[in-house]
Amino acid sequence: MSSPKLKMPVWQTNPEGGVRRVGVELEMNGLSVDRLAEIVAGFLKLSTRFVGRYERVLIGDPAGDWKVELDFMLLKEMGREYRQSQELLDDLKDSVEDILKWLAEPLVPLELVSPPLPLNRLGEIEALIKHLREHGAKGTSDQPTNAFGMQFNPEIPDNDPEVLTAYLKAFLCLYDWIFKRANIDLTRRITSYIDPFPGDYVRRVVHPDYQPDLATLIDDYLDYNPTRNRALDLLPLFLYLDEARVRRVTDDPLIKPRPAFHYRLPNSNIHVSGWGLHESWNDWVEVENLAADRYRLHAVCAAYSQHLKNPFRRWRGRWDRVIETQWIRR
């Protein structure tokens, strides 16, 4: 299913020559685990498998399994336990679980996680978001405590370090513009989940002469960003490309290898009429298209490097406006 609202990137094939895929993660509340699973399974014509009291797996999609879960690891682990109600220890565990569930309900989102979907299926996500909104799903701006996000994981088109560096340069050059347009919720801004890249790292990478080999690209990233908490998290990608190099710096079990960029910035305003994947996806496509345009990327990097070197220019001028008026191609 395609959507006229969704732009497509220049590079549409993966390193094996197949259609690139994108995994999407949506956080929300307003529904129970069972109700969310029921709505999604019905919309996509899938079957539901019970995993635990706070997790469901939706099976039957040729792209892979979908997941519906409460985004709370401890409760998920407790929810996988089967308990005999007449046992005193089990009664105690039930009480603890009930308290945690009560505390988590207003704060912790439900998460819908898609399998990696071919680019031509992203329209299904658009339609599903509208369907969930009609059934009562609530997102980031519904409550001040809803620090909910939408994340997507676009598969890389090539594992050549020149291509990967081009993506990183493009994202850093466009970051101020993207952040302004994303209108990130205050609650999410004060968390550390989507911290910006350090200034020294930005200056290093956007310099026009920065063209590292893969080992240097990964080492530089790890030196400045040994954390998942970046708007564009490259640790899963680098773990996929060179597991030993990454694991020498971080043993975080939440980092899973995958041949994809992990874009974590957008809000999840699923309850807002007209909101959809297209808003943040189309801004990501601007990163894609800049990365694919070698000469324009070199020029933007040169301009941004000069902007960062000049304190007066940084004080007087907003880089997001420069990007909007001079570098975005409509």
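Refer to the preceding data block for the structure.
All residue numbers here refer to positions counted from 1 along the written sequence of the relevant chain. Where local features are concerned, this predicted model is filtered to residues with pLDDT of at least 70; where side-chain atom pairs are given and counted, the filter is 80 or more; whole-chain, interface and lining totals use all residues. No hydrogens and no water enter the side-chain calculation; it runs on all heavy atoms of the structure.

> Any details on the pattern of salt bridges? Residues and values, ideally.
Salt bridges are identified by distance alone: a Lys or Arg side-chain nitrogen within 4 Å of an Asp or Glu carboxyl oxygen. Counted under the stated rule, the structure contains 16 salt bridges. In this structure, R121 and D61 form a salt bridge, with 2.8 Å as the shortest nitrogen-oxygen distance. You can see R121 sitting in the loop between β6 (117-118) and α4 (122-134) and its partner D61 sitting in the loop between β3 (55-59) and β4 (66-70), a full 60 residues away along the chain. Assigned by exposure class, R121 and D61 land together as buried. Among the salt bridges present, the one from E124 reaches R121, with a minimum N-O distance of 2.9 Å. Via salt bridges that share partners, D61, R121 and E124 belong to a single interconnected network. Only DSSP runs of H or I reaching four residues or more are called helices, and only runs of E reaching two or more are called strands; each is numbered from the N terminus. Burial here depends on accessible area, computed with a 1.4 Å probe over protein chains only, as a share of the maximum for the residue type. Under 20% is buried, over 50% is exposed, and the range in between is partly exposed.

> Requested: an account of the side chain of Q151, with residues and values cited.
Along the chain, Q151 turns up in strand β7 (residues 150-154). For Q151, a relative accessible area of 11% corresponds to the buried category. Any pair of nitrogen or oxygen atoms within 3.5 Å is treated as a polar contact; in protein, a donor-acceptor pairing is required on top of that, and neighbouring residues in sequence qualify only through side-chain atoms on both sides. Reaching out from Q151, the side chain makes a polar contact with the side chain of H262 at a distance of 2.5 Å. In what follows, a contact means two residues having at least one pair of non-hydrogen atoms within 4.5 Å. When sequence neighbours within four positions are dropped, the list of residues in contact with Q151 reads G23, V24, E25, E27, H262, Y263 and R264.

> Provide a residue-level description of the packing of aromatic side chains, including the pertinent values.
Given two aromatic rings, one states the distance between the centres and the angle between the planes to describe the pair. Any pair of Phe, Tyr and Trp rings, taking the six-membered ring for Trp, is counted once the centres come within 6.5 Å. Such a pair is stacked with planes under 30 degrees apart, edge-to-face with planes over 60 apart, and tilted for the rest. Taken as a whole, this structure holds 17 aromatic pairs when the rule is applied. With 5.9 Å between their ring centres and 80° between their planes, F171 and Y263 make a pair best called edge-to-face. You can see F171 sitting in helix α5 (residues 161-182) and its partner Y263 sitting in strand β9 (residues 262-263), a full 92 residues away along the chain. Taken individually, F171 and Y263 each receive the classification buried, so the pair is uniform in this respect. Centroid distance F197 to Y221: 6.1 Å. Interplanar angle 70°. Geometry classified as edge-to-face. Here the residue F197 occupies a position in the loop between α6 (186-189) and α7 (199-206), and Y221 occupies one in helix α8 (residues 214-224), the gap between them amounting to 24 residues. Judged by relative accessible area, F197 falls into the buried class, the value being 10%. Residue classification places Y221 among the buried residues on the basis of a relative accessible area of 0%.

> So what's going on with the nonpolar core? Which residues, and what values?
Here the nonpolar core consists of buried residues drawn from Ala, Val, Leu, Ile, Met, Phe, Trp, Tyr and Cys, with membership extended through side-chain atoms lying within 4.5 Å. Of all hydrophobic cores here, the largest spans 89 residues; its most connected members are W66, L132, F171, W281 and W284. When residues in this core are grouped by element, the largest group, 14 residues, is from α5.

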